[in-house]
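# Observations on the three-dimensional arrangement
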Amino acid sequence: MKKIILMAFIALFCFSNSVNAKVISNEKIDNAKVETASKIIADLQKDMQNFTKKGSGPFVAAIYDDKGNLIVKVANSVVNEQCSNNHAEMNAIKAAEKKLGTFDLAPYNLKLYVTAEPCMMCLGGIMWSGIKEVYYSVPSKSVEEITGFDEGFKPHWFKEFKKRGIIVYGNIETELGEQELHNYVNNGKKIYKPSR
Ligand SMILES: [Zn+2]
């Protein structure tokens, strides 16, 4: 019996490690941060369908404080609110600033978790909000391949964020996130972008 439990434990350990084997960061990878981010991002991905049923999505973001308290959790609402800059990250920043009554989130040491790599616009939004740490799931390249969204051009953004004291972790729980994007496309949902 003990042997079976031990084998199950090893299998679980290997599996959970392999899920996040592709994690990248602009600091030395801290496994505790990856573990916390995995749980939060997996929850955001589970919430995705609730948001898409209401016309939001297919991206969900949450902001937590440094004690692990949830400040806000929101989805992209470009289509249902008819606003091209209502990406999940922008909505999360706006909601957190409103809730805390400030335009500067820096003193609160907040962390942003999101189901896909922030686009060009959201990188600017994050930079000017005072968010201290960013954790994302599906990389932009995969988002573009699966959905056809345009994520913009973002040269050296890991390095640029590091210069400004913003920690970034990417490619967390990507399989779950990619599956949700496939579901969005397969259900015939709108790929919103400007006509060119
Ligand atoms: Zn964005």
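Here's what I pulled together on the structure shown here.

### A closer look at the pairing of strand 5 (residues 133-138)
A large share of strand 5 lies buried, amounting to six of its six residues. Inspection of the sheet shows strand 4 (residues 111-116) paired to strand 5 by five bridges, in the parallel sense. Bridge pairing in strand 5 places Tyr113 opposite Tyr135. Read as a crossover between parallel neighbours, the route from strand 4 over helix 4 (residues 120-129) to strand 5 is right-handed. Bridging between strand 5 and strand 6 (residues 167-170) involves three bridges; their strand directions are parallel. Opposite Glu133, over in strand 6, you have Ile167 as the bridge partner.

### Thoughts on helix 3 (residues 88-100)
Relative to the 18 Å expected for 13 residues at 1.5 Å per residue, helix 3 spans 18 Å between its end C-alpha atoms, a close match to the ideal helical length. Taken as a whole, helix 3 has its buried residues at Ala88, Glu89, Met90, Asn91, Ala92, Ile93 and Ala96. Buried residues belonging to helix 3 abut strand 2 (60-64), strand 3 (70-75), strand 4 and helix 4. One or two steps after helix 3, the chain reaches Gly101, where phi turns positive at roughly 70°.

Procedures and definitions
Residues numbered from 1 in each chain as written. Predicted model: local features only at pLDDT ≥ 70, side-chain atom pairs only at ≥ 80, totals over all residues. Buried ≥ 20, exposed ≤ 12 C-beta atoms within 10 Å, placed from the backbone. Helix = DSSP H or I, 4+ residues; strand = E, 2+ residues; numbered from the N terminus. Pairing = 2+ DSSP bridges. Right-handed = clockwise from strand over helix to strand, strands pointing away. Expected span 1.5 Å × (residues − 1). Contact = placed C-beta atoms within 7 Å.

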